[in-house]
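Residue strings, one per chain:
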Protein chains: 4
Amino acid sequence: MTSASVIRRLLRSVSGGQGTDASGADRHTRKAVTLCRALLSQRGEASGAAIAREVLASYNALQGRALEAFFDALAREFSPDPKEVERAAEAYRMEPTQTELVRLMKVVEPSRQELFRRLNLASGGTAALVEMRRAVLHRLNSHPDWTGIEADLAHLLDSWFNRGFLVLQRIDWSTSALILEKLIQYEAVHAIQGWKDLRRRLQADRRCFAFFHPALPDEPIIFIEVALTRGISDEVQTLLDPESPVTDPSRANCAIFYSITNCQEGLRGISLGSFLIKQVAEILGREFPRLKTFSTLSPVPGFRVWLSDAQEQLAGVPGGASLAKQLRCLDEPDWHTRADLAGALEEPLLHLCAYYLLHAKRDEEPFDPVARFHLGNGARMEKLNWLADTSGPGMERSAGIMVNYVYELDDIERNHEAYANRREIVCAAKFLLLARQCPLARRARPRS
Amino acid sequence: MTSASVIRRLLRSVSGGQGTDASGADRHTRKAVTLCRALLSQRGEASGAAIAREVLASYNALQGRALEAFFDALAREFSPDPKEVERAAEAYRMEPTQTELVRLMKVVEPSRQELFRRLNLASGGTAALVEMRRAVLHRLNSHPDWTGIEADLAHLLDSWFNRGFLVLQRIDWSTSALILEKLIQYEAVHAIQGWKDLRRRLQADRRCFAFFHPALPDEPIIFIEVALTRGISDEVQTLLDPESPVTDPSRANCAIFYSITNCQEGLRGISLGSFLIKQVAEILGREFPRLKTFSTLSPVPGFRVWLSDAQEQLAGVPGGASLAKQLRCLDEPDWHTRADLAGALEEPLLHLCAYYLLHAKRDEEPFDPVARFHLGNGARMEKLNWLADTSGPGMERSAGIMVNYVYELDDIERNHEAYANRREIVCAAKFLLLARQCPLARRARPRS
Amino acid sequence: MTSASVIRRLLRSVSGGQGTDASGADRHTRKAVTLCRALLSQRGEASGAAIAREVLASYNALQGRALEAFFDALAREFSPDPKEVERAAEAYRMEPTQTELVRLMKVVEPSRQELFRRLNLASGGTAALVEMRRAVLHRLNSHPDWTGIEADLAHLLDSWFNRGFLVLQRIDWSTSALILEKLIQYEAVHAIQGWKDLRRRLQADRRCFAFFHPALPDEPIIFIEVALTRGISDEVQTLLDPESPVTDPSRANCAIFYSITNCQEGLRGISLGSFLIKQVAEILGREFPRLKTFSTLSPVPGFRVWLSDAQEQLAGVPGGASLAKQLRCLDEPDWHTRADLAGALEEPLLHLCAYYLLHAKRDEEPFDPVARFHLGNGARMEKLNWLADTSGPGMERSAGIMVNYVYELDDIERNHEAYANRREIVCAAKFLLLARQCPLARRARPRS
Amino acid sequence: MTSASVIRRLLRSVSGGQGTDASGADRHTRKAVTLCRALLSQRGEASGAAIAREVLASYNALQGRALEAFFDALAREFSPDPKEVERAAEAYRMEPTQTELVRLMKVVEPSRQELFRRLNLASGGTAALVEMRRAVLHRLNSHPDWTGIEADLAHLLDSWFNRGFLVLQRIDWSTSALILEKLIQYEAVHAIQGWKDLRRRLQADRRCFAFFHPALPDEPIIFIEVALTRGISDEVQTLLDPESPVTDPSRANCAIFYSITNCQEGLRGISLGSFLIKQVAEILGREFPRLKTFSTLSPVPGFRVWLSDAQEQLAGVPGGASLAKQLRCLDEPDWHTRADLAGALEEPLLHLCAYYLLHAKRDEEPFDPVARFHLGNGARMEKLNWLADTSGPGMERSAGIMVNYVYELDDIERNHEAYANRREIVCAAKFLLLARQCPLARRARPRS
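First, a word on what this report is: a plain description of the structure on this page. (Residues numbered from 1 in each chain as written. Chains lettered and ligands numbered in written order. Predicted model: local features only at pLDDT ≥ 70, side-chain atom pairs only at ≥ 80, totals over all residues.)

So, about the overall build of chain A. Along its length, chain A carries 21 helices and 10 strands. Counting every position in chain A, which comprises 448 residues, the buried fraction comes to 45%. The long-range fraction of contacts in chain A, counting pairs at least 24 apart against all pairs at least 6 apart in sequence, stands at 71%. (Helix = DSSP H or I, 4+ residues; strand = E, 2+ residues; numbered from the N terminus. Buried ≥ 20, exposed ≤ 12 C-beta atoms within 10 Å, placed from the backbone. Contact = placed C-beta atoms within 7 Å.)

Now for unusual backbone geometry. Residue and element names in this part refer to chain A. With a phi angle near 55°, Arg423 is a residue other than glycine that sits in the positive phi range. Mapped onto the fold, Arg423 is located in the loop between helix H20 (412-422) and helix H21 (429-436). Classification of Arg423 by C-beta neighbours within 10 Å gives partly exposed; the count is 13.

Let's shift gears to the environment of Pro301(C). All names here are of chain C. By secondary structure assignment, the location of Pro301 is in the loop between strand E6 (298-299) and helix H15 (303-315). Assessed through the 17 C-beta atoms surrounding it within 10 Å, Pro301 is described here as partly exposed. With 99 residues separating them in the primary sequence, Pro301 and Gly400 have C-alpha atoms 9.8 Å apart. When near neighbours in sequence (up to four residues on either side) are disregarded, Pro301 contacts Asp368, Pro369, Val370, Arg397 and Ser398.

Below, the discussion takes up the interface of chain A and chain B. Taken together, the contact between chain A and chain B spans 54 residues of the former and 54 residues of the latter. Going through the elements one at a time, helix H1 (2-16), helix H3 (42-46), helix H6 (82-94), helix H7 (98-108), helix H9 (125-139), helix H10 (147-160) and H20 of chain A are the ones with two or more residues in the side of chain A that touches chain B. Within the side of chain A that touches chain B, the residues separate by chemical class into 24 nonpolar, 19 polar and 11 charged. (Nonpolar A, V, L, I, M, F, W, Y, C, P; charged D, E, K, R; others polar.)

Here we take up the nonpolar core. The biggest cluster of nonpolar side chains holds 237 residues, and the ones touching the most others in it are Val55(B), Cys353(B), Ala354(B), Val55(C), Cys353(C) and Ala354(C). Ignoring any residue separated from it by four or fewer positions in sequence, one finds Cys353(C) in contact with Val300(C), Phe303(C), Leu384(C) and Ile401(C). (Core = buried A, V, L, I, M, F, W, Y, C linked by C-beta atoms within 7 Å.)

This part is about the relation of the copies chain D and chain C. Rotating chain D by 180° about the axis while translating it 0.0 Å along that axis superimposes it on chain C, leaving an RMSD of 0.1 Å. A rotation of that kind, with that shift, is consistent with a two-fold axis. Take the interface residues of chain D: 100% of them recur as interface residues in chain C, which is what a same-surface contact looks like. (Least-squares fit on C-alpha atoms with pLDDT ≥ 70 in both.)

As a further point, take the arrangement of the chains. Over all C-alpha pairs, chain A and chain C never come within contact, reaching a minimum spacing of 15 Å. Without any contact between them, chain B and chain D keep their closest C-alpha atoms 15 Å apart.

This paragraph deals with the relation of the copies chain A and chain B. Once chain A has been moved 0.0 Å along the axis and rotated by 180°, it coincides with chain B to within an RMSD of 0.1 Å. Mapped onto chain B, 100% of the interface residues of chain A again fall at the interface, so both copies present the same surface.

This part takes up the pairing of strand E10 (residues 402-406) of chain A. Residue and element names in this part refer to chain A. Extensive coverage of E10 is indicated by the burial of 5 of its 5 residues. The side-chain alternation of E10 yields two buried faces, one formed by Met402, Asn404 and Val406 and the other by Val403 and Tyr405. Inspection of the sheet shows strand E6 (residues 298-299) paired to E10 by 2 bridges, in the antiparallel sense. Bridged to Ser298 within E10 is Val403. The sheet contact formed by strand E9 (residues 380-385) and E10 spans 5 bridges and is antiparallel. Note on E10: the bridge partner recorded for Asn385 is Met402. (Pairing = 2+ DSSP bridges.)

Turning next to the interface of chain D and chain C. Note on interface size: it is often stated as the accessible area lost on association of the parts. Across the contact, 54 residues belong to chain D and 55 residues belong to chain C. Put simply, the parts of the chain that give the side of chain D that touches chain C at least two residues each are helix H1 (2-16), helix H3 (42-46), helix H6 (82-94), helix H7 (98-108), helix H9 (125-139), helix H10 (147-160) and helix H20 (412-422) of chain D. Residue classes in the side of chain D that touches chain C are distributed as 24 nonpolar, 19 polar and 11 charged.

Another aspect to go through is the pairing of strand E3 (residues 222-229) of chain A. Along any regular strand the residues' side chains alternate between the sheet's two faces. Residues and elements named next belong to chain A. The element E3 is largely enclosed, with a buried count of 8 among its 8 residues. The alternating pattern of E3 places Ile222, Ile224, Val226 and Leu228 on one face and Phe223, Glu225, Ala227 and Thr229 on the opposite face, and all of these are buried. Where strand E2 (residues 206-212) lies against E3, 6 bridges are found, and the strand directions are antiparallel. When the bridges of E3 are listed, Phe209 appears paired with Ile224. Here E3 runs beside strand E4 (residues 254-262); their pairing, made up of 8 bridges, is antiparallel.

To continue, consider the packing of helix H7 (residues 98-108) of chain C against H7(D). Between H7(C) and H7(D), the least distance of the axes is 10 Å, while the angle of their chain directions is 155°. Taken together, the axis directions place H7(C) and H7(D) in an arrangement best described as roughly antiparallel. In this structure, H7(C) meets H7(D) at a crossing whose hand is left-handed. Residues Leu104(C), Met105(C) and Val108(C) of H7(C) touch H7(D), and the partners they reach there are Leu104(D), Met105(D) and Val108(D). Of the residues in the contact of H7(C) with H7(D), the class split is 6 nonpolar, no polar and no charged. (Axes fitted to C-alpha atoms, helices over the stretch in contact; angles between N-to-C directions. Parallel < 35°, antiparallel > 145°, perpendicular 65-115°, else oblique. Left-handed = near helix turned anticlockwise from the far one by under 90°.)

Below, the structure is given as structure tokens:
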């Protein structure tokens, strides 16, 4: 086919280029950008898939400076012309018709978006764009001018990874090793210790579900792990024990969501967790009519960080100074294994944790990301569990404490609205009691 | 689940409404619009799929005036605020950064788009949106203010039905009756006369391929029918004959694309035909290495219409008057079966047809839609065939003439560029000769 | 590969053969038999699949005399040696150990069975053996010496088509046209009048299920058609009407099995119908908990034949002569459309039919094949329906009468045992009453 | 359903039974046997699947003495009557017609076979019968009277696991963990050390294929592992190294079959390996046209055993005594790592091994089981490789030596015939030279 020859022609024009002193990195960047332009041209219409493949290949070869230069070019060159935008916006203001609106939208949309849509013609295109967004997000802090690239990718991916296009699949021991291996690799909450551990998490009294997208058949987008238990779990090590006996799931009355993992960094912010939890709850409810409670067993990952920052505040309130001193034990290794230390810390830490969950904020929402997620989904904060995760990460981030967030299907919508509109946190009464006992509660108005 | 109760609440607020004189149609429209608003609210976030289902149900119940009122509301209410647009556009002009661009894009995007994306959460959502665009397109002439709705749907569907997400499938006698039935129903070029006719079109010396989208598993998006023959077909009735003997496809040297049909009116303008033809040509080339020629056997559907309109011009050129008189025979039934008539008309009609294909224009492109399509794809206009389609529609639209457009994989890109950039029509030399013999060619400068 | 060359060698040895006066048919037969011998030899072990393909090809080319000669050879040549059999049988009698038994079984088994097993190595082998049995069965009456071939094939096929290897599949409009076309072709009870008729039989208030074998993926083995109705159907034309409105299956309380067809003549006698009915009843019962009654609506295909034969007996009993005279109307065309005739015949025909079903026997079982089948499966004979099938075949064979056989899951086993052990016919009381009113019942002891 | 109640009735009759002193084991055996009888009765016809399930459940509960008693009953009770057999055999001898033959076959076939066929009605029946044969085979030496059971199961399974019903599937990293786990468990030649090892064996330059049976979808029947290499591998540890770099398979010229494993002990003797090797060779040859050589890299598992037994013979031939002395080194741990020892042993061991492979016999076939298998399949013995498998089992059984058996597609049939008819071993000339240098070759006539 000619596509090959056309692409060769294109590339010769690059490699010749303006002077031979162009560095290799420059050449690679120029090659990639030239191919992007070609993909947006008439050639791109006739030979889209072939050129898209070339763009991806040349993009994948970019590294370090060359990659940054490429993104700089994407930000600079494939954006709309401010003059044209002004003109179209003014026209719409003068005559706010649908026709003018459509014109304006066309002017405002960066040609980058069309570029990305055409890149998707290549086999593997969707995966490449997800990866590209990951790369941009990764460096966005130091390159604020890439905001537009990120926004364009986010816009496209949000549209493409619409829940309506995702397929929920149960993951079990019949699933392909290719996918199972990715669970091991991606699991972000309670690391999977090899195949034996994974196998236990897929047995009769466990469930695992993931969303998949047709364009990424072997890539879970997000997955959730569930234990079917009698009574709400208040401690995670038992759940995770690969040697624990398998129980009869038909006798369970609780479904414990003990892990939920977003697999694709490049899809960050494209919220699917809420859909996943609710749909899995419905499926399990149908399969096991005896299930009464759907609850998470979740870490409090921001707790220890907040606690360090709160030392100063603590020093300023009655009783706070001695507590602050006591908290120093948290830095001792394995303090939770020493009964005296653990006993002394239990009460004050639970008070502080309840206070943290209810009152520590970031932009009016809970500072704790897990709390933000489940409360935003309409869950109720139900219970604090002491020494519930004594793994390394559990102790380091959450001081070993875990929370049950309960999903009551009938209340989800009301809870979500209360939270979304008024930032109300729906929780069990006990939480308020615990939080009130925290020394920090004695200050006039809590702030974080 | 509560979703039901919330929706009931929502709907009560509508049916009560301001005054009892609201007609039924009004009430139905208001209900649908209220649900749309709910879908965009916090409730929509918590119970998206449930509300989306309700919107679709209430939308499906709308008819006539109520449906028009609904679209009116969509156009009016879910568009951006011109003031805000102006402000954001001005900010971008002052400071054309990516950050301002992103802000502007957000302001400019109608909330309708988010509405449509959320509608897609309902099962069947994609199909409903395709259908909605069909309904809007159908009435767009009389409702120009719906342009924005159409554009928003087109924008979304163009993104969702990106070639990268489509799956090419061979259609044969193992395909489900559900899908085969749709081929019978959709086929737009040479109507399929029931199952026997269809069966013949799927036998060993025929091929049929379609694009499918994962969200519409039983709906072909576009399909193509191919005959594997020895020599280029110059006549379609033989190809279509259900009684014709099945030949050995491995001995064929030509693949004749004799029909290509876009199935979904709601996807009009989302061009997939070019991808389909090229990919099918590649597949067939691999399966049958002896294939040398990939050609269409296509109608000239705009020819007779143009011919009527051209009578006057014809009258004004030397030799034209007598020809115009002769052409009146075209209105006689079955003229093509009378050897004398057919013999007398052959030459002048072929001249006119060649002239028509080369010189009759609409916006600088060929007036003939089929010519526009294949030339735009990079095909070469190869040959005119006399009395090649003597079916009713073939005689009425194309005066029985058919064209072979040849796809030469090595030339497609060059042809496409020549056409796209300079409107050059690539054709066999014979066409120029034929066209030059047409009386109309004697005028100073051809126009249509 | 060499297989080709070896086979060529084999065949040369045949075509040369003993003298050139061998007719073509002879040559073909000899070729096939030679290949069979090769398949059983060492060559067959090394190149089984290749030789098996050749055997099938040469077998398929046999016709008429040549085919008969081939079967003659199969019967003659591939049977055990009577002497050896006697020796082994005597050894077993002397010393009835398992070891001697195994030896005896090996001697007794004709090498034909191994031949057939090796034929199955060729792709399409299973289908070919089913077809071969059909061909043998077809001619068995005139070739009683082929009994052994038939028995060997039956033995193998019975083992291979064990219910445990069959897969029940629902047939609906999503099924491939390839399979649906076969339903049209095979349906033996109520002929399917093309695709429109078929489509109606697959809609929401109808069900169709078939058994498939993994080695014949596109060939239904046996299929059943069911209507989901309110009340037991007493008339079949309504059920079959392609224009009849589709009703809501969830409101049905009866499942009417109105057609069951064995598709493969070559599997005659390998009884699967009983499994199919019971499994379908279970599936439907689970899907539609409101279903209370599982009943057939069946023809009485042996009734008219028996009736002709019974004329003489009838003449000999009181009241019989006038009845016999009356029955002559049955030969008038469309008698059922004439109210007077139909009215006069209703009562006596129902009496005769009940008498027929209860008392007409063949080898102690009911003479009527449909009665034999359903009673043998454990069904109860429930009801006679007058003018229930007025189609041509319905009138000709069953005098328009149809029977409901009811499958009561709880009684099936008991009914089956009563029938199998004591030939008891389980039926509604009404049947006895009707039969008693038949003039023939007045004879001392009913015989047929 | 009633089946349940019938079965309860059946079982009561057992548990009551003749006297209450029956031990538990007796009761369990009697229950299983009673159910077997029921399965063969009329009840079995009506409720086959249900009773079959019960038989399997009660069979699975049998252990130790109870299981043996059950098999005793199977052998005793479900065999034909010797008297009837004699009568039928005599009838056939008197009149050797097909009809008499069929009668005889029916009499000779033990009712056990029908019992087994009916057991297959239960879901999981096929797997249970495979397992039952394993159990019988396992104890056959001590229970020669179970020969008939074993033969009946073998007969059935041989028919059911006919190559024509098996499906060849490629196994790779997309295969389900359920199946992959079984490869780890079953691999009999070179043990798989966990998932990492397995993963390496499934990468681009390796291939794995297995036969599956439709009734055992998650159970490989037999599988083969292949390495695609440049040059014939003469050493297996490199092939097995999980850390070895993955090479480009399209550049390979050899396919090395380095492991073939029969997974189901219960299918012992049902030879499928030959089919598997040939079909895999064909598939690979098509996928990689550059492949020139298809060779195994195989152990010599009987070598060391034979070597011990041959010490005495060795002592009796010239030069044998000193060699025998030298061979004692083989018992020293890790002798192969000591250059002097290994150097001294290389030549004599290769001579002995060549001699062993060519001349050590059992029933006229090679004593070595692997040699028997590949020579029987038509392979050629190509090359001996020194220190080719230094793993524990490799040293213990094969003294570290491995053999390449080459499959030349064009010669397979000829080789197989030579071997099958005349026990000729086809091998490279070098083998003869090596064997001739073995001291044992100096004896008058080699025997083993």
